[in-house]
Amino acid sequence: MSEHLGDKLSRLRRLAGLTQEELAEKADVSVDVIRKLEQKRKGSARLPTLHALAGGLGVELTTLLGDPPGVPSTGESDPPQLVAVRRAVHPLMFAPPQESDDAEVLTSSLLRAEIADAWSMYHSAEFPRLLNLLPGILADARLTASQGADGGQAALGKAFQLAGHLSIRLGKLDLALAALERAITAAEASGDPLLVPMICNSLAWAYQRSNRLDDAKCIALYAAEGLEREGLTDDASGLRVWGGLVMSAATSYARLDEYDEADRMMRAAEEAAVRLAKMPPAEGDGRLLSVFSKSSVRIERVRLAVQHERPEEALRLAKGMRLSKDTPPSWRTWLLLDVARAHTDLGDAEGAVRALESLRRVAPTWMRHHTLAVAIVSDLWELPSHPQGLRKLAEFLGVAN
């Protein structure tokens, strides 16, 4: 089982040389919340509270929450697969060129298909498999770009962007920022007007994960406004990229406790998603564009409502939602987790268990390693009476005694 949030908090607080009262003052969080977490009377906390605690401790949020799926939580050195990704992002300056085996001529179209498939793996949380494949994808993209092939720089930009996303998911923000910096360089050389704004969205996410919320908000707004100035939001491709940036900016506003502004932006995104549904579909492989649709906007609105103590609003937004076919699996899993959290916050253990049972069917591996899923089940397990199905979930996650 993953280390309990309270144990992590206590360990990090002691390493920082802080008493509970001193941490409460630095983080502007109630000392009672800290005590309950460390005494394991609470299994989880609101995201703004976790951001504040991480800031007070002087650590990244991922340090407090623990490693996501696919990464060991042992504190040991990077596993060999991740070392290989680091070498692919930071190749040796004087390494001899690798010889091609000429087994298959790598065209730009084949490379784009390879990268699109890799993005599908990412959204399906197939992180171990993607870790094994990503160094080869980056090598293919570098080779194609160096040969001046049509679309080579764009493919390289998308490959580096993928490396950045995977690194964020694995809690390796240093590697993520390095990969995204290289992605921007390739995107600028590609001539694709949508690629730099897409990678700006990824940068905004990386800044959010490191609690640089003002930076995240500014870069997303700047890129979105640039698309509008250039008149690039009149077709499906441009509107998808714009919508993803607006949702990202809204998330930063919400985490800065400006929920009304976040809600206004999410409503604007929802209107754009309705407009998008009436447009001809984007050209090319949609997997290489930002995730944006009526479903993704609604899922993000549910997430923000849960994170800001509005569980009734979250359940109202989620009720009767029909997800579009192109909604990535990762977004579906987040929705189920947020619905479970909303039910838990309202004291509806049965509703929470139903959502968690659906989550286990959809993404068992993802659920087993996710800190928040474990925390919710831990909270439910502490109740005096257990709804039907909770024991199986608690045993699956290692929570049951």
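Everything quoted here is computed from the prediction, not taken from an experiment.

1. Quick word on the packing of aromatic side chains
For step 1, the next point in the chain: Applying the stated criterion to the full structure yields 2 aromatic pairs.
For step 2, the next point in the chain: Ring centres of Trp119 and Tyr122 lie 5.7 Å apart, and the angle between their planes is 80°; this geometry places the pair in the edge-to-face category. With Trp119 and Tyr122 both in helix H7 (residues 108-123) and 3 residues apart, this pair spans about one turn of that helix. Just as Trp119 is buried, Tyr122 falls in that class too.
For step 3, the next point in the chain: Ring plane angle 40° and centroid distance 5.9 Å describe the contact between Tyr122 and Phe127, whose orientation is recorded as tilted.
For step 4, the next point in the chain: Taking relative accessible area as the criterion, Phe127 reaches 3% and is therefore assigned buried.

2. Quick notes on the environment of Asp7
For step 1, the next point in the chain: Among the secondary structure elements, Asp7 is positioned in helix H1 (residues 5-15).
For step 2, the next point in the chain: Separated by 32 residues in the primary sequence, Asp7 and Gln39 place their C-alpha atoms 8.5 Å from one another.

3. Re the nonpolar core
For step 1, the next point in the chain: Of all hydrophobic cores here, the largest spans 117 residues; its most connected members are Val89 and Leu356.
For step 2, the next point in the chain: In terms of residue count, the dominant contributor to this core is helix H13 (residues 236-255) (11 residues).
For step 3, the next point in the chain: Judged by nonpolar contacts, the second largest core, of 14 residues, contains Leu9, Leu12, Val29 and Leu50.

4. Let's talk about the pattern of salt bridges
For step 1, the next point in the chain: Evaluated as defined, the whole model comprises 18 salt bridges.
For step 2, the next point in the chain: Taking the shortest distance from any N to any O, the salt bridge between Arg35 and Glu21 comes out at 3.1 Å. Note that Arg35 is positioned in helix H3 (residues 31-38) and Glu21 in helix H2 (residues 20-27), a separation of 14 residues in sequence.
For step 3, the next point in the chain: Judged by its relative accessible area of 29%, Arg35 falls in the partly exposed class.
For step 4, the next point in the chain: Taking the shortest distance from any N to any O, the salt bridge between Glu270 and Arg301 comes out at 2.7 Å. Of this pair, Glu270 sits in helix H14 (residues 259-277) while Arg301 sits in helix H15 (residues 294-307), and the two are 31 residues apart along the sequence. Like Glu270, the residue Arg301 is buried in the burial classification.
For step 5, the next point in the chain: Salt bridges linked by common partners bring Asp263, Arg267, Glu270, Arg298 and Arg301 together as one network.

5. Some remarks on the environment of Lys278
For step 1, the next point in the chain: Within the secondary structure, Lys278 sits in the loop between H14 and H15.
For step 2, the next point in the chain: With 42 residues separating them along the chain, Lys278 and Ala236 place their C-alpha atoms 9.3 Å apart.

6. Notes on unusual backbone geometry
For step 1, the next point in the chain: Even without being a glycine, Asn211 presents a positive backbone phi close to 70°.
For step 2, the next point in the chain: Owing to a relative accessible area of 34%, Asn211 belongs among the partly exposed residues under this scheme.
For step 3, the next point in the chain: Phi at Glu309 takes a positive value of approximately 60°, unusual for a residue other than glycine.
For step 4, the next point in the chain: Among the structural elements, Glu309 can be located in the loop between H15 and helix H16 (311-318).
For step 5, the next point in the chain: Residue classification places Glu309 among the exposed positions, given a relative accessible area of 54%.

7. Points about helix H12 (residues 213-229)
For step 1, the next point in the chain: Taking 1.5 Å of rise per residue, 17 residues should cover 24 Å, and H12 covers 24 Å from first to last C-alpha, within 8% of that figure.
For step 2, the next point in the chain: Listed as buried for H12 are Leu213, Ala216, Lys217, Ile219, Ala220, Ala223, Ala224, Gly226 and Leu227.
For step 3, the next point in the chain: Lining the buried residues of H12 we find helix H11 (195-209) and H13.
For step 4, the next point in the chain: Positive backbone phi, at 65°, marks Gly231, one or two positions downstream of H12.

8. A closer look at the packing of H13 against H14
For step 1, the next point in the chain: Axis separation between H13 and H14 bottoms out at 8 Å; the angle between their running directions is 165°. By the angle class used here, H13 and H14 are roughly antiparallel. Where H13 crosses over H14, the two elements pack in a sense that is left-handed. Along the contact surface, H13 presents Ala236, Leu239, Arg240, Trp242, Val246, Met247, Ala249, Ala250, Tyr253 and Ala254, while H14 presents Tyr259, Glu261, Ala262, Met265, Met266, Ala269, Ala272, Arg275 and Leu276.
For step 2, the next point in the chain: A class-by-class count of the residues in the contact of H13 with H14 yields 16 nonpolar, no polar and 3 charged.

9. Brief notes about helix H17 (residues 329-345)
For step 1, the next point in the chain: With 17 residues, H17 should cover 24 Å at 1.5 Å per step; its first-to-last C-alpha distance of 25 Å lies within 8% of that length.
For step 2, the next point in the chain: The buried count for H17 comes to 14 of 17 residues, which makes it a mostly enclosed element.
For step 3, the next point in the chain: One or two residues past the end of H17 sits Gly347, with phi positive at roughly 80°.

10. A look at the packing of helix H18 (residues 349-362) against helix H21 (residues 390-397)
Two numbers describe a pair of packed helices, the interaxial angle and the distance between the axes.
For step 1, the next point in the chain: Their axes nearest at 10 Å, the elements H18 and H21 cross at an angle of 45°. Overall, the two elements H18 and H21 adopt an arrangement that is oblique. Regarding H18 and H21, the two cross each other, and that crossing is left-handed. Residues Val353, Leu356, Glu357 and Arg360 of H18 form the contact with H21, whose own contacting residues are Leu390, Lys392, Leu393 and Phe396.
For step 2, the next point in the chain: The residue inventory of the contact of H18 with H21, partitioned by class, reads 5 nonpolar, no polar and 3 charged.

Reading the values: the criteria
- Residues numbered from 1 in each chain as written.
- Predicted model: local features only at pLDDT ≥ 70, side-chain atom pairs only at ≥ 80, totals over all residues.
- Heavy atoms only, no water.
- Phe/Tyr/Trp six-rings, centres within 6.5 Å; stacked < 30°, edge-to-face > 60°.
- Helix = DSSP H or I, 4+ residues; strand = E, 2+ residues; numbered from the N terminus.
- Buried < 20%, exposed > 50% of the residue type's maximum accessible area, 1.4 Å probe, protein only.
- Core = buried A, V, L, I, M, F, W, Y, C linked by side-chain atoms within 4.5 Å.
- Salt bridge = Lys/Arg side-chain N within 4 Å of Asp/Glu carboxyl O.
- Expected span 1.5 Å × (residues − 1).
- Contact = heavy atoms within 4.5 Å.
- Axes fitted to C-alpha atoms, helices over the stretch in contact; angles between N-to-C directions.
- Parallel < 35°, antiparallel > 145°, perpendicular 65-115°, else oblique.
- Left-handed = near helix turned anticlockwise from the far one by under 90°.
- Nonpolar A, V, L, I, M, F, W, Y, C, P; charged D, E, K, R; others polar.

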